[in-house]
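# Report on the structure
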Amino acid sequence: MASLTKNPNVNAWVDEMIALTKPDKVVWIDGSDEQLEGLRQEALSTGEMIKMNEELYPGCLYHRTAPNDVARVEDRTFICSEKKEDAGPTNNWMDPNEMWAMLEPMYDGVMKGRTMYVIPYSMGPIGSPLAKVGVELTDSIYVVLNMDIMTRMGTKAFENLGDTSDDFVRGLHSKADVDPEKRYIVQFPEKNTICSINSAYGGNVLLGKKCFALRIASFQGKNEGWMAEHMLILGVQKPDGDIKYITAAFPSACGKTNLAMLIPPEIYTKQGYKVFTVGDDIAWMKQGEDGRLYAINPENGFFGVAPGTNAKSNYNALASTKKNAIFTNVAINLDNMTPWWEGLDKNPPVNAQEWKGANVNGVEYTAKGEKLAHPNSRFTAPAENCPCISPEFNNPQGVPISAIIFGGRREKTTPLVYQSFDWTHGTYIGSAVSSETTAAATGAVGVLRHDPMAMKPFIGYNVGDYWNHWLEMGEKLGENAPKIFNVNWFKKDENGNFMWPGFGDNMRVLDWIIKRCEGKVDAQETPIGYLPKPEDLNVEGLDISAEQVDALLAVDKDLWADEIKEMRRYYDEDIAGKGGRIPAALYEELDKLEKRFGG
Ligand code: GTP
Ligand code: SPV
Ligand code: MN
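Residues numbered from 1 in each chain as written. Chains lettered and ligands numbered in written order. Predicted model: local features only at pLDDT ≥ 70, side-chain atom pairs only at ≥ 80, totals over all residues. Heavy atoms only, no water.

## Considering the environment of Cys211
Along the polypeptide, Cys211 turns up in helix H8 (residues 208-224). Expressed as a C-alpha distance, the spacing of Cys211 and Ile185, which sit 26 residues apart in the sequence, is 8.2 Å. Look past the residues within four positions of Cys211 in its chain and what remains in contact with it is Ile185, Gln187, Ile194, Gly203 and Ile216. (Helix = DSSP H or I, 4+ residues; strand = E, 2+ residues; numbered from the N terminus. Contact = heavy atoms within 4.5 Å.)

So this is what it looks like as C-alpha cells:
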C-alpha cells in the first residue's frame, strides 16, 4: 500500500523498518471508518477481539493479553541516552549502540507472515502549537484500535507534520512471541525513537502514551522550555461561572482518573459548582503569552483502571465506557456479553469468563477470594463519551493552570492537604512524593517507594536535571506560577480503614485549594506548609467527627522526623550517590524543613 505522506523522513524510516522486520503486507492507517471497521472485523474473526453486547455496549470490544503481560514492566524499560549520566539514577540505561545491536536481530524478520500497520498520530489537538506528531509501526490490530481512541490518528496527523519536517517520534512495536524474557521497552531520547518488543499490553505498546508523551516528551520539554507531566487536568466551575483549572500528579492507580471526573457532593452542586475533565493522565504545559502556565491533554481518550469503577465512585468514567470502548483483561458475563470487574457492583456473574479465559461460576469463584478481573484490567474509552468532558478539551491553546497538586498513597504521615510556601518549596514537595505501589506495574503491591512528581517510571532523563527544570520553570513563571499543594486521600486509622471518604468528597479539598489560590481563606502555618484551619474544611453532610478532622490534618513530629531522615538518605544515597544532579535549592529546602521542626 502506498505511503500516505510525501515526507521523505517518514518514508525513509518506514522503508528501513519494513526491510528489517519483513512484513508480508504493509497497511497505512488513514483513520477512516471503513478501514477501522475492516480491522475490527478481522480481529473478531481471528479471536484477537471479542464483541460485547451490541445493545448494551454498542461498538465495544474485548481483548485479553497473555497472563504474563498485564502491566508496565519497569525493570525492562530503558532510557538509552548517549551518556549514562544523562539517564540518571531513576532509569535503566544501556549504550544506544549496544542496545540497538541487541534489538536489531530481534526485529529481523519478526513480522514475517504478519501485517505491519503504519499509524500516524498527533499527541494534542491537530493544529495546536503544543501538539506533536508520532508514527508507530506495529503488528497488532489491538494497538491500532486503541491508538484510534487514545490519539488523533490517521492522515490528518501527517497534515500537521508537513512534507519536510523531521520533528516526529518514531515508534517501532512488535508483539514478537510475547516472551517476557525478551520484553524490552526502550526510549532513545536524543533520536526521538521508541522500540517496544514482546509485549501486547497498554502502556508498553500504545507508544504515544507513556513512552512518547512522558519519557520522550519530558526530555523535549526540558530542551524546549515546557513540561510533560503525569497529571490530570480538571476545571472547577464556581457558582459565579468562573472556571479554575487544576492539574494533579498522582502515581499510577492512585486516583487521577477519579479526581479528573469527580461529581461534587450535593452541597456543592446545589450552589452551582461543576467539574469538567480536560485530561486524566498526562499534561503538557507551557507558558502562554500572558505569562501564565497553560496545559493541554495530549491524549484523546482514557486508558483507565477498571476495578473499583462504579456508578458511585466514578459515574463519568463508567458512562464513558458504554460505547465504542475496548475492555482489556476484565471478566465477561457470558449470559449477556457485558464486562464485569471487582467493584463494579456486588453481583459477580454466575456464568462468567475470568480474565485469563476460563469459564467459572463467578459467585463461587469470588467467594473463594479469586479475582474475576485482573487488578490492572483497563478500559479504553473515547474522551468525547465523557459526560463532563470540558468544552476546552480541543482548545489548541490549552487551559490556564491555577494550582498544581501532588499526592500519593500514604497510610500515615502525610495530611489530607497542605500548601507549599512557594514554588521552590513545592518542587521539593514534588521530589518527596512517595507512594505505596499498585498493580499498574509488575512487582510487589503496597510497598512504599519514592515516586518524585509521580514520574519515577516516566522521566526520560536525569532526575536531578528534571528537578532543576522545574525550578527554572518557576523562575520563568514568577508571580504567574500556579500554587503548589499536596494531598493524601489514603490516610488510614488504627483499624486500617481509610479516614477520608474520597472520590466526590475530594471536592471539599479542591474548594479549599481554590479559595487559597484566590486569597479568600486563611491557613495555619506548620513546619511542612500551610494547612486548612479545621473549620475551613467543609465537612457538612459527612459523618466525620472533629477528632477525625484533626487526625486527617495532623502533622506528627516523630513521623516527620522519620520522613526527613528518609528524604536525606534518598537524596544522598539513591539520587546524588548514583549520579543524580540534585539542585542546591532542593537540599536547602530539606534543611529548612528540618529547621522548622527545630532540628
Ligand atoms: P493510572 O491510570 O494507572 O495512571 O491510575 P489513576 O491515577 O488514574 O488512578 P484511578 O483514578 O484509576 O484510581 C485507581 C484506584 O484508586 C481505583 O481502584 C480507585 O477506586 C481508587 N481511588 C481513586 N480515588 C480514590 C479516593 O479518593 N479514595 C480512595 N480510597 N480510593 C480512590
Ligand atoms: C499508568 O500505569 O500510569 C497508566 C497505565 O496510566 S499505562 O498506560 O499502562 O502506563
Ligand atoms: Mn498513568
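## Structural notes on the pattern of salt bridges
Across all of its chains, the model carries 34 salt bridges by this definition. Of the charged contacts, one joins Lys256 and Asp281 as a salt bridge, the two residues approaching to 3.8 Å between their closest N and O atoms. Of this pair, Lys256 sits in helix H9 (residues 256-260) while Asp281 sits in the loop between strand S14 (274-279) and strand S15 (283-287); the two residues are 25 residues apart in sequence, bridging distant segments of the chain. Judged by relative accessible area, Asp281 falls into the buried class, the value being 9%. Asp465 is paired through a salt bridge with Arg581; the nearest N and O atoms lie 2.7 Å apart. Residue Asp465 is found in helix H14 (residues 463-477), and its partner Arg581 is found in the loop between helix H17 (557-575) and helix H18 (584-596); the two are separated by 116 residues along the sequence. For Arg581, a relative accessible area of 37% gives the class partly exposed. Via salt bridges that share partners, Lys238, Asp240, Asp242, Lys244, Glu518 and Lys520 belong to a single interconnected network. (Salt bridge = Lys/Arg side-chain N within 4 Å of Asp/Glu carboxyl O. Buried < 20%, exposed > 50% of the residue type's maximum accessible area, 1.4 Å probe, protein only.)

## Here we look at the packing of H17 against H18
At a closest axis distance of 11 Å, the pairing of H17 and H18 adopts a crossing angle of 160 degrees. Viewed along their axes, H17 and H18 adopt a mutual orientation that is roughly antiparallel. At the point where H17 passes H18, the crossing takes the left-handed sense. On H18, the residues touching Ile564, Met567, Arg568, Tyr571 and Asp572 of H17 are Leu586, Tyr587, Leu590, Asp591, Leu593 and Glu594. Its residues assigned to classes, the contact of H17 with H18 shows seven nonpolar, no polar and four charged. (Axes fitted to C-alpha atoms, helices over the stretch in contact; angles between N-to-C directions. Parallel < 35°, antiparallel > 145°, perpendicular 65-115°, else oblique. Left-handed = near helix turned anticlockwise from the far one by under 90°. Nonpolar A, V, L, I, M, F, W, Y, C, P; charged D, E, K, R; others polar.)

## Side note on the sheet that holds strand S20 (residues 338-340)
The strand order across the open sheet built from four strands is S20-S19-S21-S22, with neighbouring strands paired in antiparallel fashion. The strands lining the two open edges of the sheet, one partner per strand, are S20 and strand S22 (359-361). For this sheet the average axis-to-axis angle between neighbouring strands, irrespective of direction, equals 40 degrees. Sheet topology note: the strand S19 (residues 331-333)/S20 ladder contains three bridges and is antiparallel. Counterpart to Ala331 in the pairing with S20 is Trp340. (Pairing = 2+ DSSP bridges.)

## With respect to the site of ligand 1
Around ligand 1 sit 21 residues in total, of which Ala253, Lys256, Thr257, Asn258 and Arg378 are the nearest. At 2.7 Å, a backbone N or O of Ala253 approaches an oxygen atom of ligand 1. Considering every element that reaches the shell around ligand 1, the biggest residue donor is H9, with three residues. Its residues assigned to classes, the shell around ligand 1 comprises ten nonpolar, seven polar and four charged. Viewed by domain, the shell around ligand 1 spans two of them, domain 2 (229-297 + 393-595) and domain 3 (302-381), each represented by three or more residues. (Near = heavy atom within 4 Å. Polar contact = N/O pair within 3.5 Å; in protein donor to acceptor, adjacent residues only side chain to side chain. Domains from an automatic or database assignment.)

## Looking at the sheet that holds strand S23 (residues 378-382)
Overall, mixed pairing links the five strands, which are arranged S2-S3-S18-S23-S17 in an open sheet. Single-partner strands in this sheet number two, and they are strand S2 (50-51) and strand S17 (301-305). As paired elements, S17 and S23 share five bridges and run antiparallel to each other. Within S23, the position partnered with Gly304 by the bridge is Phe379.

## Here we look at the domain arrangement of the protein
Here the protein is described as being made up of domain 1 (8-30 + 73-224), domain 2 (229-297 + 393-595) and domain 3 (302-381). In this structure, domain 1 and domain 3 have C-alpha centres spaced 30 Å apart. On the domain 3 side, the residues contacting the nine residues of domain 1 number ten residues. Buried surface at the junction of domain 1 and domain 3, both sides included, amounts to about 760 Å², of which 68% is carbon and sulfur. Between domain 1 and domain 3 we count zero salt bridges in total. Here domain 1 is connected to domain 3 by three residue pairs in polar contact (both at pLDDT 80 or more). Of all the secondary structure elements, the ones that give two or more residues to the side of domain 1 that touches domain 3 are helix H5 (141-150) and helix H7 (202-205). It is H5 that contributes the most residues to the side of domain 1 that touches domain 3, five residues altogether. A breakdown of the residues in the side of domain 1 that touches domain 3 according to their chemical character gives five nonpolar, three polar and one charged. (Buried area = accessible area lost by both parts, 1.4 Å probe.)

## With respect to the site of ligand 2
Lining the immediate surroundings of ligand 2 are Arg72, Gly203, Lys209, Lys210, His230, Ser252, Asp281, Phe303, Arg378, Ala440 and Phe458. Within the side chain of Arg72, one N or O atom sits 2.9 Å away from an oxygen atom of ligand 2. Contacts to ligand 2 include Gly203, whose backbone N or O atom sits 3.0 Å from an oxygen atom. Isolated, ligand 2 exposes 290 Å² of accessible area, and the fraction of that covered by the protein chains is 98%. Here the shell around ligand 2 is composed, by residue class, of three nonpolar, three polar and five charged. Of the residues that make up the shell around ligand 2, three or more belong to each of domain 1 (8-30 + 73-224) and domain 2 (229-297 + 393-595). (Areas by Shrake-Rupley, 256 points an atom, 1.4 Å probe, with all protein chains shown as cover.)

## Some words on the coordination of the manganese ion (ligand 3)
The protein atoms donating to the manganese ion (ligand 3) are Lys210 (NZ), His230 (NE2) and Asp281 (OD), with metal-donor distances spanning 2.2 to 2.5 Å. Angles of 66 to 175 degrees at the metal separate the six donor atoms of the manganese ion (ligand 3), which places the site in the irregular class. Read in sequence order, the donor residues for the manganese ion (ligand 3) give the motif K-x19-H-x50-D. A residue pair is termed long-range when its members are at least 10 positions apart, and Lys210 in helix H8 and Asp281 in the loop between S14 and S15 qualify at 71 residues. Its relative accessible area of 6% is what places Lys210 among the buried residues. (Donors = N, O, S within 2.8 Å, 3.2 Å for Na, K, Ca; no water. Tetrahedral: all angles 85-135°; square planar, octahedral: opposite > 155°, others 65-115°.)

## As for the pairing of strand S8 (residues 168-174)
Buried residues dominate S8, accounting for seven of its seven residues. Neither face of S8 is exposed, since Phe168, Arg170, Leu172 and Ser174 on one face and Val169, Gly171 and His173 on the opposite face are all buried. Relative to strand S10 (residues 193-197), S8 is paired through five bridges, and the arrangement is parallel. Residue pairing in the sheet places Arg170 in a bridge with Thr193 of S10.

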